[in-house]
Amino acid sequence: MCAVAPEPPVEERPAAEEKSAPGRVGVVLVSHSREVAAATAALAEALYGGGDPAPAVPAGGRTDGGVGTSAELIRRAIGEADEGAGVVLVCDMGSAVLTAKGLTGDGVRIADTPFVEGAVAAVVTASAGGDLAAVLAAAEDARTYRKVTG
């Protein structure tokens, strides 16, 4: 009979960390008014109506609660909205856009869109699983929505 050498012990390796798939595209609503940003986020989420909407985070007003814009509030909102698939900023006008421009890059884009219509289109598309390009396109397409025809 041949002696069989024992097999060397199997080294237990830690399981490779699974990289989780990115979540949905987040949407940040940048308005001069805290109330307008919050109400628009709530409207967009309600109009999705499909259960769990993508993040729609308001970034309205200044840090002291006044009317205006705040890079700090926008930066915080981007962090809150970011699930790893990018963030679309929907801005109301003027300094909201100028302030937001300084915070773009690394998957953060500004949609050139009307505020309410663009916010709804962005949130609905992101909630349905659209990628960053699709969410931007849907938001920007809101510019062409006709309310009254012929």
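Residues numbered from 1 in each chain as written. Predicted model: local features only at pLDDT ≥ 70, side-chain atom pairs only at ≥ 80, totals over all residues. Heavy atoms only, no water.

1. Focus: a nonpolar patch on the surface
This is how the line gets drawn: For patch detection, residues must exceed 30% relative accessible area and be free of salt bridges, and they are connected within 9 Å for like charges or within 5 Å for nonpolar side chains (Val, Leu, Ile, Met, Phe, Trp, Tyr). Note that accessible areas follow from Shrake-Rupley with a 1.4 Å probe, and for residues the cover is restricted to the protein chains shown. One speaks of a salt bridge when a side-chain nitrogen belonging to Lys or Arg is within 4 Å of a carboxyl oxygen belonging to Asp or Glu. Helix and strand labels come from DSSP, where a helix needs a run of H or I of at least four residues and a strand needs a run of E of at least two; each type is numbered from the N terminus.
Taken together, the side chains of Leu43, Leu47 and Val116 present a nonpolar region at the surface, about 240 Å² in accessible area. Relative to the helices and strands, Leu47 is located in helix H1 (residues 34-48).

2. Digging into the packing of helix H4 (residues 115-127) against helix H5 (residues 132-141)
Defined as follows: Orientation is described by axes fitted as lines to C-alpha atoms, over the contacting stretch for helices, and by angles from 0 to 180 degrees between their N-to-C directions. By the definition adopted for this analysis, an angle is roughly parallel if under 35 degrees, roughly antiparallel if over 145, roughly perpendicular if from 65 to 115, and oblique otherwise. Handedness of a crossing is defined here by the sense of rotation of the near helix relative to the far one, left-handed for an anticlockwise turn of less than a right angle and right-handed for a clockwise turn. Contacts are assigned to residue pairs with any non-hydrogen atoms lying within 4.5 Å of each other.
Their axes nearest at 7 Å, the elements H4 and H5 cross at an angle of 150°. When the axis of H4 is compared with that of H5, the two are roughly antiparallel. Crossing hand, H4 versus H5: right-handed. Across the interface between the two elements, Gly118, Ala121, Ala122, Thr125 and Ala126 from H4 touch Ala134, Val135, Ala138 and Ala139 from H5.

3. Overview of the packing of H1 against H4
Short version of the rule: Residues are grouped as follows: Ala, Val, Leu, Ile, Met, Phe, Trp, Tyr, Cys and Pro are nonpolar; Asp, Glu, Lys and Arg are charged; all remaining types, including Gly, are polar.
Two elements in contact, H1 and H4, have axes whose closest approach is 9 Å; the angle formed by their N-to-C orientations is 45°. On the basis of their axis angle, the class for H1 and H4 is oblique. Handedness of the crossing formed by H1 with H4: right-handed. Every residue of H4 that contacts H1 at Val36, Ala37, Thr40, Leu43, Ala44, Glu45, Leu47 and Tyr48 is listed here: Phe115, Val116, Ala119, Val120, Val123, Val124 and Ser127. Along the lines of polarity and charge, the residues of the contact of H1 with H4 split into 12 nonpolar, two polar and one charged.

4. Some words on the environment of Thr104
Going by this rule: Relative accessible area decides the class of each residue, using a 1.4 Å probe on protein chains only: under 20% of the type maximum gives buried, over 50% gives exposed, and in between gives partly exposed. For this analysis, a polar contact is any N or O atom pair within 3.5 Å, provided that within protein one partner can donate a hydrogen and the other can accept it, and provided that sequence-adjacent residues contribute only side-chain to side-chain pairs.
Along the polypeptide, Thr104 turns up in the loop between helix H3 (94-101) and strand E4 (108-111). What makes Thr104 partly exposed here is its relative accessible area of 38%. Taking the C-alpha atoms as reference, Thr104 lies 8.7 Å from Leu89; in sequence the two are 15 residues apart. Aside from chain neighbours lying at most four places away, what touches Thr104 is Leu89 and Ile110. A polar contact of 3.1 Å, which involves the side chain of Thr104, links it to the backbone oxygen of Lys101.

5. Quick notes on the pairing of strand E2 (residues 56-60)
Basically, it comes down to this: A pair of strands counts as paired when DSSP detects no fewer than two bridges linking them. Look down the strands so they point away from you; if the path from the first strand over the helix to the second goes clockwise, the crossover is right-handed.
The element E2 is extensively covered by neighbouring structure, given that four of its five residues are classed as buried. By the bridge criterion, five bridges tie strand E1 (residues 26-31) to E2 in an arrangement that is parallel. Each bridged residue has a counterpart across the sheet, and for Leu29 the counterpart in E2 is Pro58. On the question of chirality, the crossover connecting E1 to the parallel E2 by way of H1 is right-handed.

6. Some details on the side chain of Thr69
If you trace the backbone, Thr69 turns up in the loop between E2 and helix H2 (71-81). In terms of polar contacts, Thr69 uses its side chain to reach the side chain of Thr99, at 3.1 Å. Setting aside residues no more than four positions away along its own chain, Thr69 makes contact with Ser31, His32, Gly61, Arg62, Ser95, Ala96 and Thr99.

7. Here we look at the sheet that holds strand E3 (residues 87-91)
Where strands meet in a sheet, backbone hydrogen bonds hold them as pairs that are either parallel or antiparallel. Across the sheet, four strands lie side by side as E2-E1-E3-E4; this open sheet has parallel pairing. The sheet is open, and its two edges are formed by E2 and E4, each paired on a single side. Within the sheet, the average angular offset between the axes of one strand and its neighbour, ignoring direction, is 25°. Inspection of the sheet shows E3 paired to E4 by four bridges, in the parallel sense. Looking at E4, one finds that Leu89 is bridged to Ile110. Those strands touched by H3 are E1, E3 and E4, and its axis lies near 155° from that of E3.

In short, shape yes, function no, at least from these values alone.
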